[in-house]
Structure formats: C-alpha cells, structure tokens
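Below are the chains, spelled out letter by letter.
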Amino acid sequence: MRTLVVLDAPSNLGLRPPAPGTVPGCYKLAGALREQRLPRRLGAREGGVVVPPRYDRGDWQEGDGVFNAAALAAYTVKLADRIEHHVRAGEFPVVLGGDCSIQLGASLALRRIGRYGLAAVDASHDFRHPGNSDRIGAAGGEEVALATGRGQADLSDLEGLGPYLRDEDVRFFGIRDAYTDDTAELAALKMPVATVGDLRADGPDAVARAAVEAFGAPGLDGFWVHLDADVLDPSVMPAVDSPDPAGLLPGELERLLRPLLAAPRCVGLNITIYDPDLDPDGTAGALLADLVVAAFAQS
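Residues numbered from 1 in each chain as written. Predicted model: local features only at pLDDT ≥ 70, side-chain atom pairs only at ≥ 80, totals over all residues. Heavy atoms only, no water.

The chain has the name Arginase family protein in an unreviewed UniProt entry, where Streptomyces sp. 900105245 is given as its organism. Checking UniProt for the chain, the heading Sequence similarities (unreviewed entry) contains the comment "Belongs to the arginase family." (UniProt positions renumbered as here; feature names shortened; annotations may be inferred.)

Okay, structure coming up:
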C-alpha cells in the first residue's frame, strides 16, 4: 500500500484576473476539497501547505512575458522541494492547487530525481509559448510548454535543469475535439493526444492502460498525473475559468484516472482550476472530491 500525502499548493499566480480588481478564486480549491474531508476519505497523511506569494501583476502589460514570473519561479522551487521530499521518501503526493502552473513544481521536483513523464488530463494542452502565440502571460495556460523548455528561461530553466520534461514523455487526455487545430503542433512533436472523442471511441480505461504501458518504457523512472477540473463537461463542472462544452462525464473521468493512479510507476497527482467562487452551493466541489476518492478506491 502506498502512503498518500495531501499537500496544499493554493497558488493562483498563473491565471488572469476574472475581472478588473479581482484575483482568481482557484486558490480556494484546497480548502474546498478539505471541506469535503478529502484527506480523511483517502486515508492520507497530512502534508501541510506551501504558501504562495501575493498575487500582484504590478505594471505588467501584454508583451512583457509571463506575469508574476519572479513569484512563480520562487514558488515553483519551494513547491518542488516539498514534492521531492515526499517522492524520495516513497510517498505519493496528492497536491491540491491552485492553477495549472503548480504542475511546474512537480516537474522540477521529478527532474531533480530522474526522468519522468506527465499524464496531462486537461481540456486544453496548456502549450502556449512564444513560438505559437503572441499572448504569452498566464503561466496556467503555458506550463507544459515551460516544462518542456519553451519560453522564458527564468521559468523554463530553473536550477539549470530545463527542460524538466522531454516532449516524448508527455501525453494528453481529454482535450476537446474542437481544439484539433491546436493539437497539430503536438502531433508534430510526437506528443500523444487522446481527445474526448478518442477516449469515448476506445474506452477511457483502455486508453489509460495503454498509456501506463508506454510510461513503462526503458529510461523512464515513472510519471505524474496532472488533473485539471475543466476536463469535465460544464454541465457537471461549471466552476472553472474556461467551461468549454463537450467534455468528459464523471464516469468517463473515473475510468481514465483509475488505471493511471493504480500504476506502480505513478508517483503523484495534482488537482487544479476548480474555483469555489463559481460554485456557491459546493456541488461541483463535492463531485470533484467524490471522483478523486473513487479513482483511488478502485486502484
């Protein structure tokens, strides 16, 4: 039995403000899932909190690169220290975000240890970088590009360890079928993508098992699972910053996660983007907690 450790990473540094004068509410994700008694239901040890710096974009303007970059860099190193400690101890971190930029902490931590892959369960690829976009700014939509060495060096080459992930070690699951134009670059880079349609055609569990086998390739030490709540359809998960239609349904997501999390080479999970500010009655948060518990319980 693996020892699960729940660790809070309540950073919203990688998202644009939802409205002028406000900050993204995803920093409340960890508290909301704890309110659902997630650590206790998982039988997990307490890992505490990695407190993020203040959200302050200052005088940032479009064209200035990634906003909150210095704060993001410092937080990535701080979070990586904690994740590295747990992985080296043989524990399985369950990291409660936060926006998707917290995944950089996991990627840096694992790069320090060896060569690891990433199973990105997300509605979008988060692969925006200077080579394909003129709207660089929000690291929460750019973290996979940064982790694979694309973008400014103060985030993509921390400690001189970039890239933290090799292109061929990244796999995407649950990207919307409407985003096919965006996936052409990933295909050219040989980054496998299983869209919502692919998962339904082949079966989420079958796709996950094939990915687990691929992550067992020689040279890889393991893999990390990144779960963005927006992979779910907005009919069940409206509390995200980009509630795009035609997403996965809860049963489909559970069937996808179960084999990934059960794999002996899976070393951790992070959960991101759910925004309690957009879920006043807590229904979506309760669903997300139930899904995570069910995925581990069946693993």
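A. Inspection of the packing of aromatic side chains at higher detail. Scanning the model with the defined rule gives three aromatic pairs in all. Judged by centre distance (5.2 Å) and plane angle (80 degrees), the rings of Trp60 and Phe67 are edge-to-face. Here the aromatic rings of Phe92 and Phe296 are separated by 5.7 Å at their centres, their planes lie at 90 degrees, and the arrangement is edge-to-face. Here Phe296 lies in helix α11 (residues 283–297) and Phe92 lies in strand β3 (residues 92–96), a separation of 204 residues in the sequence. We note that Phe92, like Phe296, is buried. If you follow Arg57 out to its NZ or CZ, it ends over the ring of Phe67, 4.8 Å from the centre. (Phe/Tyr/Trp six-rings, centres within 6.5 Å; stacked < 30°, edge-to-face > 60°. Helix = DSSP H or I, 4+ residues; strand = E, 2+ residues; numbered from the N terminus. Buried < 20%, exposed > 50% of the residue type's maximum accessible area, 1.4 Å probe, protein only. Lys NZ or Arg CZ within 6 Å of the ring centre and 35° of its normal.)

B. Seen up close, the pattern of salt bridges. Applying the stated rule across the entire model yields 18 salt bridges. Ionic pairing is found between Asp277 and Lys28, a salt bridge with its closest N-O pair at 2.7 Å. Taken together, the residues span a long stretch of sequence, with Asp277 in the loop between β8 (266–272) and α11 and Lys28 in the loop between β1 (4–8) and α1 (29–35) at a distance of 249 residues. By relative accessible area, which is 44% here, Asp277 ends up partly exposed. Close ionic contact of Arg255 with Asp205 constitutes a salt bridge, the shortest N to O distance being 3.0 Å. (Salt bridge = Lys/Arg side-chain N within 4 Å of Asp/Glu carboxyl O.)

C. Up close: the environment of Pro238. Mapping Pro238 onto the fold places it in the loop between β7 (222–228) and α10 (250–262). A sequence separation of 32 residues divides Pro238 from Asn270, and the C-alpha atoms of the two residues are 19 Å apart. Every residue in contact with Pro238, bar those within four places of it in the chain, is listed here: Pro243 and Ala284. (Contact = heavy atoms within 4.5 Å.)

D. Geometry of helix α4 (residues 103–113). Buried residues dominate α4, accounting for nine of its 11 residues. Within α4, burial applies to Gln103, Leu104, Gly105, Ala106, Ser107, Leu108, Ala109, Leu110 and Arg112. Buried residues in α4 make contact with α3 (69–88), β4 (116–121), α5 (143–147), β7 and β8.

E. View of the environment of Leu118. Of note, Leu118 is situated in strand β4. Each C-alpha atom, one on Leu118 and one on Asn68, is 24 Å from the other, the two residues being 50 residues apart in sequence. Contact partners of Leu118, with chain neighbours within four places excluded, come to Gln103, Val144, Leu165, Asp169, Val170, Arg171, Phe215, Phe223, Trp224 and His226.

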